[in-house]
Amino acid sequence: MANEKTFYLETFGCQMNVHDSEKVVGTLISQGYRQVESVEEAGLVLYNTCSIRDKAEQKVFHRLADFRKLERQGKKFGVLGCVAQQEGERIFARAPHVSLVCGSASYRNLPQMLVEVEAGKRSTGLDDRQTTETFETEFTARSNPHRGYITITEGCDKFCAYCVVPYTRGRERSRTSDAILAEARHMADSGYTEVQLLGQNVNSYRDPLRKKTFSELLASVGQVPGLKRVRFTTSHPIDFTRDIVDAIDAVPTLCDHVHLPVQSGSSRVLEAMQREYTREDYLERIAWIKAARREISITTDIIVGFPGETEAEFEETLSLLDEVGYDGTFSFKYSPRPNTPAQTMADSIPEEEKARRLAVLQEHQKQIQTRLSKRHTGQTIEVMVEGKNRAREQLIGRTSQNKPLNFTVTAGNPEPLPGSYVRVHVSASFPNSLLGEMVG
Ligand code: 5AD
Ligand code: SF4
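What you are looking at is a predicted structure, and each value in this text was computed from that prediction instead of being measured.

Close contacts around ligand 2 come from Cys 14, Asn 17, Thr 49, Cys 50, Ser 51, Ile 52, Cys 82, Val 165, Arg 169 and Gln 200, and that covers them all. Here the residues of the shell around ligand 2 are counted per class, giving five nonpolar, four polar and one charged.

In this section: the site of ligand 1. Around ligand 1, the neighbouring residues are Ile 52, Arg 53, Tyr 162, Gln 263, Asp 301, Ile 303, Phe 332, Lys 333, Tyr 334, Ser 335 and Arg 337. Here an oxygen atom of ligand 1 and a side-chain polar atom of Gln 263 are 2.7 Å apart. Contact between ligand 1 and Ser 335: a nitrogen atom at 2.8 Å from a main-chain N or O atom of the residue. Mapped onto the shell around ligand 1, the elements with two or more residues apiece are strand E13 (297–304) and strand E14 (328–333). Looking at the shell around ligand 1 residue by residue, the classes come out as five nonpolar, two polar and four charged.

What follows concerns the domain arrangement of the protein. Annotation of the protein at the domain level lists domain 1 (5–125), domain 2 (291–375) and domain 3 (377–438). Between the C-alpha centres of domain 2 and domain 3 there is a distance of 30 Å. Taken together, the contacts link ten residues of domain 2 with ten residues of domain 3. Taken together, the two surfaces of domain 2 and domain 3 that pack against each other cover about 750 Å², and 35% of this comes from carbon and sulfur. Of all residues in domain 2, the largest losses of buried area upon contact with domain 3 belong to Gln 369, Ser 373 and Arg 375, amounting jointly to 50% of the total for that side. In terms of residue count, helix H13 (residues 351–373) provides more of the side of domain 2 that touches domain 3 than any other element does, four residues in total.

To continue, consider empty space enclosed by the protein. Under the definition given, this model contains one cavity of 30 Å³ or more. Approximately 50 Å³ is the volume found for the largest cavity. Partitioning the lining of the largest cavity into residue classes produces two nonpolar, two polar and four charged.

Moving on: the packing of aromatic side chains. Applying the stated criterion across every chain yields a total of eight aromatic pairs. Seen from their ring centres, Phe 12 and Tyr 47 are 6.4 Å apart, and the 35 degrees between their planes marks the pair as tilted. Taken together, the positions of Phe 12 in the loop between strand E1 (5–11) and helix H1 (15–30) and Tyr 47 in strand E3 (residues 44–49) put the pair 35 residues apart, joining distant regions of the chain. Judged by centre distance (5.7 Å) and plane angle (75 degrees), the ring pair of Phe 159 and Tyr 167 falls under edge-to-face.

The end-to-end C-alpha distance of H13 is 32 Å, a good match for the 33 Å that 23 residues give at a rise of 1.5 Å each. Among all positions in H13, only Lys 354, Arg 357, Leu 358, Leu 361, Gln 365, Ile 368, Gln 369 and Ser 373 are buried. Next to the buried residues of H13 lie E13, helix H12 (311–324), E14, strand E18 (421–429) and strand E19 (434–438).

Parameters at a glance
- Residues numbered from 1 in each chain as written.
- Chains lettered and ligands numbered in written order.
- Predicted model: local features only at pLDDT ≥ 70, side-chain atom pairs only at ≥ 80, totals over all residues.
- Heavy atoms only, no water.
- Near = heavy atom within 4 Å.
- Nonpolar A, V, L, I, M, F, W, Y, C, P; charged D, E, K, R; others polar.
- Polar contact = N/O pair within 3.5 Å; in protein donor to acceptor, adjacent residues only side chain to side chain.
- Helix = DSSP H or I, 4+ residues; strand = E, 2+ residues; numbered from the N terminus.
- Domains from an automatic or database assignment.
- Contact = heavy atoms within 4.5 Å.
- Buried area = accessible area lost by both parts, 1.4 Å probe.
- 1 Å grid on protein atoms, 1.4 Å probe; cavity = no way out; pocket = protein on both sides within 12 Å on 5 of 7 lines; lining within 4 Å.
- Points joined across faces, edges and corners; volume = space filled by probe spheres on them.
- Phe/Tyr/Trp six-rings, centres within 6.5 Å; stacked < 30°, edge-to-face > 60°.
- Expected span 1.5 Å × (residues − 1).
- Buried < 20%, exposed > 50% of the residue type's maximum accessible area, 1.4 Å probe, protein only.

Now the structure itself:
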């Protein structure tokens, strides 16, 4: 069809961005667009961008440069998300073939903005950090039919010294518990069995109608008929309260996994990062989690090479890894970000030293995971089936603790379908996954 409106969307960054993209796709489809799988087929090319570290930010400019020549074919280009919000109209100067720049707090205006872009104009949607609205849309094109995200808070008011998010996603605001529960029920009625509650800091959730605290909301979502697994991410230690662990104890559908970013094991560095807790405060929360009735798996985020981090302080992070015993860590070299207080801090750590610390930390954590993962060998664990690895003739499953558990099915037994739940006997463990055979 000659006049058909088509778009291609590539997403960078976190789960919030992945879920925003699902809403953007839904919105575009509601406006008569069709999604295509390649830049070449598309009339409109969109990038939903991330600016958490410099490397992530550079990706979109590389992509835009790669496809610049396609502008001559009449293609239009748009930049959405965190780089759009951060760079604003400067993007037009750097990539003149871009005609749409839209931060995440302005997605509700996309339909009008698209009309302008189609008419050959430029359109910009930026938040001034004042918005108190959340993006409520009935048009969410979820990409997986079994498990899906639900936004509970948007934005962030924490202002950690290194972090760009408060500047790219605006003020922290929560959706009403009524809206969240209605979405969870609707998803359960449509066949979803797993939901993940999303926010930059879900623990600071504040119901605008004051009906529920975060842990009460968690418990209520966990009791929605039809849902078998409820996850939440991401947590902030300062707002992580004991009643969250009580809720996990009380409601079996709440998954036995907590992602609790620590960033550093040194109280001095934590203070410089403006994290508002000490190593001891953090370990107190870990003790609550470890005292739960079910074994809860714990994962974290770590930054190495924050300005002024000494070798001894870095080693405090290594000893924290031993003390907590994480089942997984995401670790990063500190990357200076625009507008943040840390950007101008003295005593920056040379790039090679950051790289060395990162490699040491990752190797250290790998040893820990190799050791800890062994506890699962011999256990029988329920997994949600996610798909099949045809090359290896294995099914791919995920445990409630959020670990990949790949498994085989005994000859003659029917293969379980994606989205189903089966029990698997674990026969081997690796640092990042488990292997087993389906039971029964
Ligand atoms: N440099 C490196 N890592 C960062 N993170 C956030 N900001 C930066 C930065 N400027 C990491 C934190 C956070 C995760 C999502 O990304 O560990 O928890
Ligand atoms: Fe990247 Fe942070 Fe924006 Fe997510 S919120 S896309 S991690 S900058």
